Structure formats: structure tokens, C-alpha cells
Amino acid sequence: MSDLVIFDLGGVLVRGIGIVDRMADELAVDRQALKADYLLHLDAMMAGLFPVEAYYRHLEERFHVKVEGDLFRRAFKPTVNGKMVELADTLCGDGMRCAIGSNTYLSHWHIIDEEGIREHFDAAYASFELGTVKPYAAFWATIMCLEGVDASHTHFIDDSPANVEGAARLGIDAWLYDGDDEALWRHFGH
């Protein structure tokens, strides 16, 4: 059984994922009020339980604005972290299986194809498709079941302490990514 390495998307494979300020500017609403509202609905949207389009209607009612098209997609301006994509290529070359595992919704999931990220990975798992989000155990349990591996053969890289702690509680080798690419390369023996 080869090991599985799950890479988080936002904050690890791509940087600059913040969207609330851009959304607030486009809608001409208070940034703090929008951020508070967005966070109330985020997990439900990312788990696929609250459609993004329904959230847009909510924004229209709550803030008395008109939301045209896909606001989340327009506000999403990430850049690819080439060092982490290169690490995935190296680990795959070492015989490990590499996957993307992300809390996200469809409006942002397109980035893995548009930026050519998906081609570097064996699989890609989005929370809105899995019906669960990190840091809940079901997120990793579902991926491990689909991949046919157990926690002792699973590694996880994320920039969120809560997500890393959630994975570690399952016995997964979980790494908190803080932007130190070289430390992560050394962790995997390179």
C-alpha cells in the first residue's frame, strides 16, 4: 500500500485566497459586516448544504444590494504556490499517491483546472462534493475510504491549525504549513 499525501488547496497550493474585501468593495458594503455574515454561512456552503446562489439571494436581502453573476468567482484571485506543486510531483515520483483535499465550493474549485494544478495530482476532493468539511473526521475518513488507505499511511498538509489538529486526532501525519516550503520538503525526506 502506497502512502497518500493530501494537500489543502487554499493557503497551501494557492495563495491569496481572501475574497471578502473584494466582495465588499464590489457590493459597496461594510467589510466587517460582510465578513461576519460570510463566516456564518461558510461551512454550510462548503459542505454543499447551502447553495452559493442562495447565499447571493441572502446577500441581496441582508445588504439591499444586487448580486450579478458569480461574485465568489470574480473575487477569487489566487496565485499558484509552485513549490508545493513541485513537492507533489516529487512525492508522486517517489511512489506516493497525492490528492487535493479542500474546503471549497464550486465557484472556486475551477482553479485546479484553469491553473493546471489538477494534472499534478492523482485525485482531487472538494468538500462540497463530499458533503463534509474539515476539521470534521468524516472529511478525511471519506477520502481514506475512497483511496483505500488507513490513517497510518496518510499524510496531510494544511495551513489551518484546527484542520491539522482534526487530522492528527485520527492518527494522520498532519503538517501545519506556515509558508516554510523547505521545512516541508525536509519533512518528506528531500
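Residues numbered from 1 in each chain as written. Predicted model: local features only at pLDDT ≥ 70, side-chain atom pairs only at ≥ 80, totals over all residues. Heavy atoms only, no water.

1. Side note on the pattern of salt bridges
Any two side chains of opposite charge can pair, so long as their charged atoms come close to each other. A complete count under the given rule lists 14 salt bridges for this structure. Between arginine 62 and aspartate 37 there is a salt bridge whose closest N-O contact spans 3.9 Å. Here arginine 62, found in helix H3 (residues 52-63), pairs with aspartate 37, found in helix H2 (residues 31-46); they are 25 residues apart in sequence, far enough to count as distant. Judged by relative accessible area, which is 42%, arginine 62 ranks as partly exposed. Across the salt bridge formed by arginine 118 and aspartate 113, the nearest N and O atoms sit 2.8 Å from each other. (Salt bridge = Lys/Arg side-chain N within 4 Å of Asp/Glu carboxyl O. Helix = DSSP H or I, 4+ residues; strand = E, 2+ residues; numbered from the N terminus. Buried < 20%, exposed > 50% of the residue type's maximum accessible area, 1.4 Å probe, protein only.)

2. Details of unusual backbone geometry
Put simply, lysine 134 and proline 135 share a cis peptide bond, and its omega is 15°. You can see proline 135 is positioned in the loop between helix H8 (127-130) and helix H9 (137-147). We note that alanine 28 has phi near 55°; this positive angle belongs to a residue other than glycine. The residue alanine 28 is located in the loop between helix H1 (20-27) and H2 in this model. Residue alanine 28 is classed as exposed on the basis of its relative accessible area of 68%. Within the chain, histidine 64 stands out as a residue other than glycine whose phi angle is a positive 55°. Counting through the fold element by element, histidine 64 comes out in the loop between H3 and helix H4 (71-75).

3. Things to note about the side chain of serine 127
On the secondary structure map, serine 127 appears in helix H8. Here the side chain of serine 127 touches threonine 104 through a polar contact of 2.8 Å, landing on its backbone nitrogen. Dropping the residues within four chain positions of it, serine 127 is found in contact with Met46, Ala47, Ser102, Asn103, Thr104, Thr132, Val133 and Phe139. (Polar contact = N/O pair within 3.5 Å; in protein donor to acceptor, adjacent residues only side chain to side chain. Contact = heavy atoms within 4.5 Å.)

4. Here's the deal with the environment of proline 51
Its place among the elements puts proline 51 in the loop between H2 and H3. Here proline 51 falls in the partly exposed class, since its relative accessible area comes to 46%. Residues proline 51 and alanine 24, spaced 27 residues apart in sequence, show a C-alpha to C-alpha distance of 20 Å.

5. Observations concerning the packing of aromatic side chains
For the structure shown, the criterion picks out 9 aromatic pairs. Seen from their ring centres, phenylalanine 50 and tyrosine 55 are 6.3 Å apart, and the 80° between their planes marks the pair as edge-to-face. Judged by centre distance (5.9 Å) and plane angle (35°), the rings of tyrosine 55 and phenylalanine 72 are tilted. With tyrosine 55 in helix H3 and phenylalanine 72 in helix H4, this residue pair connects regions lying 17 residues apart in the sequence. Neither residue differs from the other here; tyrosine 55 and phenylalanine 72 are each classed as buried. A network of ring pairs unites the aromatic residues Tyr38, Phe50, Tyr55, Tyr56, Phe72 and Tyr105 as a single cluster. The ring of phenylalanine 63 carries arginine 62 above its face, with NZ or CZ at 4.5 Å from the centroid. The residue whose ring lies beneath lysine 83 is tryptophan 185, and the NZ or CZ to ring-centre distance is 5.3 Å. (Phe/Tyr/Trp six-rings, centres within 6.5 Å; stacked < 30°, edge-to-face > 60°. Lys NZ or Arg CZ within 6 Å of the ring centre and 35° of its normal.)

6. Remarks on the state of the cysteines
By the definition in use, this model includes 0 disulfides. With no disulfide of its own, cysteine 92 lies closest to cysteine 98 among cysteine sulfurs, the gap being 3.4 Å. No disulfide involves cysteine 145; its sulfur sits 20 Å from the nearest other cysteine sulfur, which is in cysteine 98. (Disulfide = S-S within 2.5 Å.)

7. Quick word on H1
All of the buried residues in H1 are Val20, Met23, Ala24 and Leu27. End-on, the buried residues of H1 take up no more than an arc of 100°, which puts them together on one face. On its buried face, H1 sits against H2, H3 and H4. Alanine 28 sits one or two positions beyond H1 and adopts a positive phi of about 55°. (Arc of directions from axis to C-beta.)

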